[in-house]
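An overview of the molecular structure
Here is what each chain is made of, one letter per residue.
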Amino acid sequence: MSRRQGVLDGTLILLAILAVWQGLYQYAGSAALTPPWATVRYAVDLLGTPNFWGHATQTLSAFAWSVAISAVLGIALGLWFGAFRFAGDVAEPMLASLYTIPKVTLYPVMLLLFGLGPSAKIAFGVIHGLIPVVLFTLGAVKNIRPVLLRTARSLRLSPIQTARFVLVPAVLPEIASGLRVGFSLCLLGVLIGEMFASQRGIGFLIINGINSHNVKLTTAVTLIVIVFAVGANSALLALDRRLHHRG
Amino acid sequence: MTRSTRILRARWGVSLGLIVLLEVACRTGLVPPLAVLPPSEMAAAMVELLTTEEVLANVAATFSTVAVAFLGAVLIGFAVGVALHGIPRLRRAIDPLLASYYSVPIFVFYPLLVALFGLGALPLIAIGFLAALPAMLIATLLGLDRVPPVLRRVARMHRLGPARTAALVILPAALPNLFQGIKLSLAYAFIGVIAGEFILSGGGLGYAIAYAYESFDNRTMYGLMLFVLLSAVVSNTLLSAWESRLQRRRGRG
Amino acid sequence: MTETAAHAVLRGVTRVYPGASQVHALGPIDLDIAKGEFFSVVGPSGCGKSTLLDVLAGLNPPSAGTIVFEGKPVAGSVPDGVGVVFQEDASFPWLTVRDNVAFGLRRLGMDAAEIARRVDYAVGFMGLADFAGAYPAQLSGGMRQRVCIARTLVLQPRLILLDEPFGALDQQTRLLMGDELLRLWRETGATVLLITHALDEAAMLSDRVGVMSSRPGRFIDLVETGWPRDRDSRIVSDAAFGAVTARLWSSLRTESMKAIGRG
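Quick summary incoming for the structure in this document. Computed from a predicted model, the values in this text were never measured in an experiment.

Here the focus is the environment of A96(A). Relative to the assigned elements, A96(A) resides in helix α4 (residues 85-99). For A96(A), a relative accessible area of 31% corresponds to the partly exposed category. If we ignore the near neighbours within four places in the chain, the residues touching A96(A) are L135(A) and N236(B).

Shown next as structure tokens:
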């Protein structure tokens, strides 16, 4: 397929989304959402106000913390489970099962343990983001082709050299995929946290907009969240694909 | 065989150990008793609650909402997946959307869904459906991609028509992925519905948990929470057991 | 070799892959395969051997030329009486060995007793009787390929096309599978066309071997082996076997050099 056709198709899809959006607006009216162009304009205005950035900073810092904790803890746990095959086999289905529970029900526990501040949000983000990082890392270590390690031994590499030149490059693409999924889920966790019990942050802005019937605000903030999430995810996905192609 | 029994035993051991650990931590005050209930009391509360009519009504409401969302997502996700697989150009164009789908917290669409569907179960069904749909769709696409081309050629050698090729060759070949999609769809529908109830609605188990939290009724909160978590884990474990029975028979060949 | 009548006839068969690149993969090919003949095709990798099989089986249409099987033109679909064994593992992982083998017969709506009789025979013939209830994942690669051969065999095809069926197997297994193939050929009286990249395999099994050029594939040599009908793998120790293999290699060497870019 030519590049030009790709761009054309992408544009068509974007237009289709805008058309559906406009159609929903026509159908459901201004009590439900604002039309595309008005929303974009209001969102741009919103991005110029210090009030919005006050909320955004709260969300972003909680998000950054939860991503960092999920990444460090998740990779460490994943490597550990991967290295000790038995522990990994015991843990993997348990983690997969934990991944499928409705984690939102645990949020009150986070609030009771950490109070109403940012720590509860961060902990809740970590609950969401940690497991995929562990699972992907574990899988990566488990699925290293044994011949690579035998090659390393036949080349008489030291353990450190083996890690540096064989293990890390072999598992990196999978870990990157895990981090990408963890990244999205941390954002989800932090936003849900803010939607449920918080006075600050983007999630609060959305829920506040809903409760005060401020459709303009809700739609605009929703758009900003989506653009941020999709943009970040696409960038990570591109990186992810490059790593996988190299590997 | 012995290794797998050992793993299974270790898994039970770890689970029980963690529960006992939590029990001890709560009883000795290591974890603030106001924050976390000991597991034994959670279980007692859960059993008690499940005898009250109000809770049973909530359970029925939530489960039926999840069931409708899940079934709808599986059927429509499969149908759309099959259609999209047949139109590669459309699929390529939509691919980035699918890849980014789960990075968007879909609860932000709840007000829109309320405006579209009114209050009640419908917007919740819609949230569960929207959460589960792409999982099934992506699994269907993946399953169809992974049907070895040689099997399609075998079908042609046996001179099967399109319908028989689909029923006798393509579907069974794609089944492992489809099953994966069904499993994920159930989990996501459940997560979506509970979260929708929790944050935004006025009924169902999710709402009951949020309400109990806000009225400082820890016993009810933990009892219901345990029930929701157990429901998710048990349904997922059952589906996984069924799946691995299927997988074991046919291996990974 | 007793040449009774041409079973399959190819005239001017050409295959150009459609699309922007227009790769000329095959032909033109003129070939008569006699009824009951064991014919093998060897050639450098990528020369269009498999394309030839696809076109002859009716799995792909030729871009030009005609194919006639038992007096009827082959067009668009696999004709009745033609069975194909593919290079890849084509066993159905969700069916047991017995159900795999019965697959084609069930589609024909044959009655259950007759199906059971034929399946038992084919399963036994291919040495799979002890594994009839097993799933392919529980079998070795060689046994899976036997399942696929049995699945084709039960249909009692009059022309059997095999596309490098032993390509993924080790040398000893290949020799033994070759013996079984010869036995099958003798007992069914079917015509066999075997695609292979192994010269010794072609020399050992065939009445006639066609040597193909690098792409676009054409026949550059047709070698008659002159083996008796009741031959087996022990023929590899015959002096004539060496001569046949040597002739195949001398025809093929330059073409193979082209295929790896040293032409």
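Take the interface of chain B and chain C next. Each partner contributes to the interface: chain B provides 19 residues, whereas chain C provides 28 residues. Summing the contributions of chain B and of chain C, the shared interface buries around 2,100 Å²; its carbon and sulfur component is 64%. At the junction of chain B and chain C, the tally comes to two salt bridges. Notably, a salt bridge pairs R153(B) with D54(C), separated by 2.9 Å at the nearest N-O pair.

Glancing now at the interface of chain A and chain B. Listed as interface residues are 54 residues of chain A and, on the opposing side, 54 residues of chain B. In this assembly, chain A packs against chain B so that about 4,500 Å² is buried in total across both faces, 77% of it on carbon and sulfur atoms. The interface formed by chain A and chain B includes two salt bridges. A salt bridge links R3(B) to D89(A); the nearest nitrogen and oxygen atoms lie 2.3 Å apart. Between chain A and chain B we count five residue pairs in polar contact (both at pLDDT 80 or more) in total. Elements with a contribution of two residues or more to the side of chain A that touches chain B: α1 (3-28), α4, α5 (107-114), α8 (159-196), α9 (202-211) and α10 (215-246) of chain A. Broken down by element, the residue count for the side of chain A that touches chain B peaks at 10 residues, all from α10(A).

To continue, consider a nonpolar patch on the surface. Residues L8(A), L12(A), L14(A), L15(A) and L18(A) make up a contiguous nonpolar surface patch of about 460 Å² in total accessible area. Checked against the element boundaries, L14(A) lands in helix α1.

Thresholds applied
Residues numbered from 1 in each chain as written. Chains lettered and ligands numbered in written order. Predicted model: local features only at pLDDT ≥ 70, side-chain atom pairs only at ≥ 80, totals over all residues. Heavy atoms only, no water. Helix = DSSP H or I, 4+ residues; strand = E, 2+ residues; numbered from the N terminus. Buried < 20%, exposed > 50% of the residue type's maximum accessible area, 1.4 Å probe, protein only. Contact = heavy atoms within 4.5 Å. Buried area = accessible area lost by both parts, 1.4 Å probe. Salt bridge = Lys/Arg side-chain N within 4 Å of Asp/Glu carboxyl O. Polar contact = N/O pair within 3.5 Å; in protein donor to acceptor, adjacent residues only side chain to side chain. Patch = residues over 30% accessible without salt bridge, like charges linked within 9 Å, V, L, I, M, F, W, Y side chains within 5 Å. Areas by Shrake-Rupley, 256 points an atom, 1.4 Å probe, with all protein chains shown as cover.

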